[in-house]
Amino acid sequence: MKILGIETSCDETAAAIVEDGRTVLAETVHSQIVEHQKYGGVVPEIASRCHVECICQVVEETFLKANLTFQDIDAIAVTAAPGLIGALLVGVNYAKGLAMSTNKPLVPVHHIRGHVAANYIAHPDLIPPFLCLVASGGHSHIVVVHSYTEFEVVGRTRDDAAGEAFDKAARVLGLPYPGGIYIDEVSKQGDPFAYQFPHPKAEGPYDFSFSGLKTAVINLVHNKQQKNEPYKIEDVAASFQETVAQILTDKLMKAAEHYRFDTVAIAGGVSANSSLRAHLQKACLQSGRKLYAPPLKLCGDNASMIACQGYYEFLAGARADMSLNGCASRSINEGAY
Ligand code: KG4
Ligand code: ZN
């Protein structure tokens, strides 16, 4: 079964065709980063306009790469929640138009479920249940993946998402947007133990909080600048990254222990982080657990993960009609519709 996936929830316009949920036949990602970089973050209005301008071309290019036509696909899966509403609506309306004109089933997909599904593409042996840390620019959750379409959030950030903290720390260090990848890069030249940053406490045992940590980095840099004291960006970045990696690893391992999972996975943009991966690999090796992580190109937003999750949603009976709308905020347990 071939599914066309469409993703426009933030600043990537993406399309992919995936066979039986696991095999990517073709994928295209058009990133808008350069459009937003000069503003230091995603500008929603600009994101929507960019999606409108390039969605047709991104889908056409994907069909050309796969050497397929609209008639060859069995269903259209689209990210319907959560995300920037204006951005979501572009993909949702494109998918509705295509479903109507081709008479193909329309399958709404929850963006975070899609991030989890990126692991299925890379790892044919991974099947639920397992425990997954989803850390992206807008979300940080520890999720029990009961089945392909049943999820339970057991831990979450109480304030900023991990990616948001990376982006804010990068900004104060003068690194470009989105900052996560630059923090990761400069940290390779830094000392991860140069500075002691706080491990902020959060309510639930598997919850986390990044707001205080982000503020600590900002305060440190501002203090140094005001006193005209030298500091190494690489050391601040590496110490901040080390702290985030320690917090996320600690919480994920504690949750795995409590919920008795031998299989853990990571997903979302922050799962590309080299320090987080190294910490988790070590912790899993020590505790006899198996760690699954998506390849780097599937950590960020893409449509292969949406087509993959769309396949499992389709099998579970998810269908949308022409009343499908985008939804800016929706829990992973609820799904997209
Ligand atoms: O999943 P994603 O592409 O988009 C959302 O759904 O939010 O995540 C984007 C986030 C950004 O905050 C970006 O800075 C962060 O992922 N990110 C990283 C790395 N690569 C991307 N954070 C830490 N280390 C990285 N290597
Ligand atoms: Zn995402």
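Structure first, text after, so check above.
Here the structure is a predicted model, which is why all the values come from computation and not from measurement.

Trainee: How should the coordination of the zinc ion (ligand 2) be read in this particular structure?
Mentor: Metal coordination angles in their ideal form are 109.5 degrees for the four-donor tetrahedron and 90 or 180 degrees for the six-donor octahedron. Taken together, His-111 (NE2), His-115 (NE2) and Asp-301 (OD) make up the protein donors of the zinc ion (ligand 2), found 2.0 to 2.1 Å from the metal. With four donor atoms in place around the zinc ion (ligand 2) and angles of 94 to 133° between them, the coordination shape is tetrahedral. Ordering the donors of the zinc ion (ligand 2) by residue number gives the pattern H-x3-H-x185-D. Separated by 190 residues along the polypeptide, His-111 in helix α4 (residues 111-122) and Asp-301 in the loop between β10 (290-292) and α10 (304-315) bring together distant segments of the chain. Each member of the pair, His-111 together with Asp-301, is buried.

Trainee: Explain the site of ligand 1 to me, please; I cannot follow it from the model alone.
Mentor: Neighbouring ligand 1 are 20 residues; Gly-137, Asp-167, Gly-180, Asp-184 and Gly-269 lie closest to it. One of the backbone N or O atoms of Gly-138 is found 3.3 Å from an oxygen atom in ligand 1. A distance of 3.0 Å separates an oxygen atom of ligand 1 from a polar atom in the backbone of Gly-269. Against a free-state accessible area of 560 Å², the protein chains account for coverage of 86% of ligand 1. The cavity that encloses ligand 1 is the largest pocket. Elements that contribute at least two residues to the shell around ligand 1 include exactly α4, α5 (162-172) and α6 (180-187).

Trainee: Even after reading the chapter, I still don't get the sheet that holds strand β3 (residues 23-31), so can you show me in this structure?
Mentor: Two modes of strand pairing occur in sheets, parallel and antiparallel, and in both the strands are linked by backbone hydrogen bonds. With mixed pairing, the five strands of this open sheet are ordered in space as β3-β2-β1-β4-β5. This sheet does not close on itself; its edge strands, each paired only once, are β3 and β5 (106-110). Pairs of neighbouring strands in the sheet enclose a mean axial angle of 20°, with direction left out of account. One ladder, built from four bridges, connects strand β1 (residues 2-7) with strand β4 (residues 75-81); its direction is parallel. Note on β4: the bridge partner recorded for Ile-3 is Ala-75. Lying on the sheet, helix α2 (residues 44-66) is in contact with β1, β2 (12-19) and β3; it crosses β2 at an angle near 25°. Packing against the sheet, α4 makes contact with β1, β3, β4 and β5, and its axis sits at approximately 95° to β5.

Trainee: Honestly, the nonpolar core in this entry has me stumped. Any pointers?
Mentor: One broad trend across soluble globular proteins is that nonpolar side chains are buried collectively. Core analysis: the largest hydrophobic core is formed by 47 residues, its most contacted members being Leu-131, Ile-142, Ile-183, Phe-197, Phe-210 and Phe-240. Among the secondary structure elements, those contributing two or more residues to this core are β6 (130-135), β7 (140-147), α5, α6, α7 (211-226), α8 (233-258), β9 (263-267) and α9 (274-287). Here Leu-131 is in contact with Ile-142, Val-143, Val-144, Val-154, Leu-252, Ala-255, Ala-256, Phe-261, Thr-263, Val-264 and Ala-265, once residues within four sequence places are set aside.

Trainee: I'm lost on the pattern of salt bridges in this one. Help?
Mentor: When the charged atoms of two side chains lie near each other, side chains of opposite charge can form a pair. In this structure the tally under the stated criterion is 14 salt bridges. Within this structure, Asp-184, Glu-185 and Lys-188 form a network of salt bridges that share partners.

Trainee: What should I look at first to understand unusual backbone geometry in this one?
Mentor: Trans peptide bonds make up the majority, and among non-glycine residues the majority have a negative phi. Cis peptide bonds are those with omega within 30 degrees of zero, and the linkage from Ala-81 to Pro-82 qualifies with -20°. Turning to its location among the elements, Pro-82 is positioned in the loop between β4 and α3 (85-102). The omega angle of the peptide bond from Pro-128 to Pro-129 is 10°, so this bond is cis rather than trans. Looking at where Pro-129 falls in the secondary structure, it is placed in the loop between α4 and β6. For Asp-20, which is not glycine, the phi dihedral falls at a positive 50°. With respect to the helices and strands, the residue Asp-20 is situated in the loop between β2 and β3. Among the residues examined, Asp-20 registers a relative accessible area of 36% and is labelled partly exposed.

About the cut-offs
- Residues numbered from 1 in each chain as written.
- Chains lettered and ligands numbered in written order.
- Predicted model: local features only at pLDDT ≥ 70, side-chain atom pairs only at ≥ 80, totals over all residues.
- Heavy atoms only, no water.
- Donors = N, O, S within 2.8 Å, 3.2 Å for Na, K, Ca; no water.
- Tetrahedral: all angles 85-135°; square planar, octahedral: opposite > 155°, others 65-115°.
- Helix = DSSP H or I, 4+ residues; strand = E, 2+ residues; numbered from the N terminus.
- Buried < 20%, exposed > 50% of the residue type's maximum accessible area, 1.4 Å probe, protein only.
- Near = heavy atom within 4 Å.
- Polar contact = N/O pair within 3.5 Å; in protein donor to acceptor, adjacent residues only side chain to side chain.
- Areas by Shrake-Rupley, 256 points an atom, 1.4 Å probe, with all protein chains shown as cover.
- 1 Å grid on protein atoms, 1.4 Å probe; cavity = no way out; pocket = protein on both sides within 12 Å on 5 of 7 lines; lining within 4 Å.
- Sits in = over half its atoms within 2 Å of the grid points.
- Pairing = 2+ DSSP bridges.
- Axes fitted to C-alpha atoms, helices over the stretch in contact; angles between N-to-C directions.
- Contact = heavy atoms within 4.5 Å.
- Core = buried A, V, L, I, M, F, W, Y, C linked by side-chain atoms within 4.5 Å.
- Salt bridge = Lys/Arg side-chain N within 4 Å of Asp/Glu carboxyl O.

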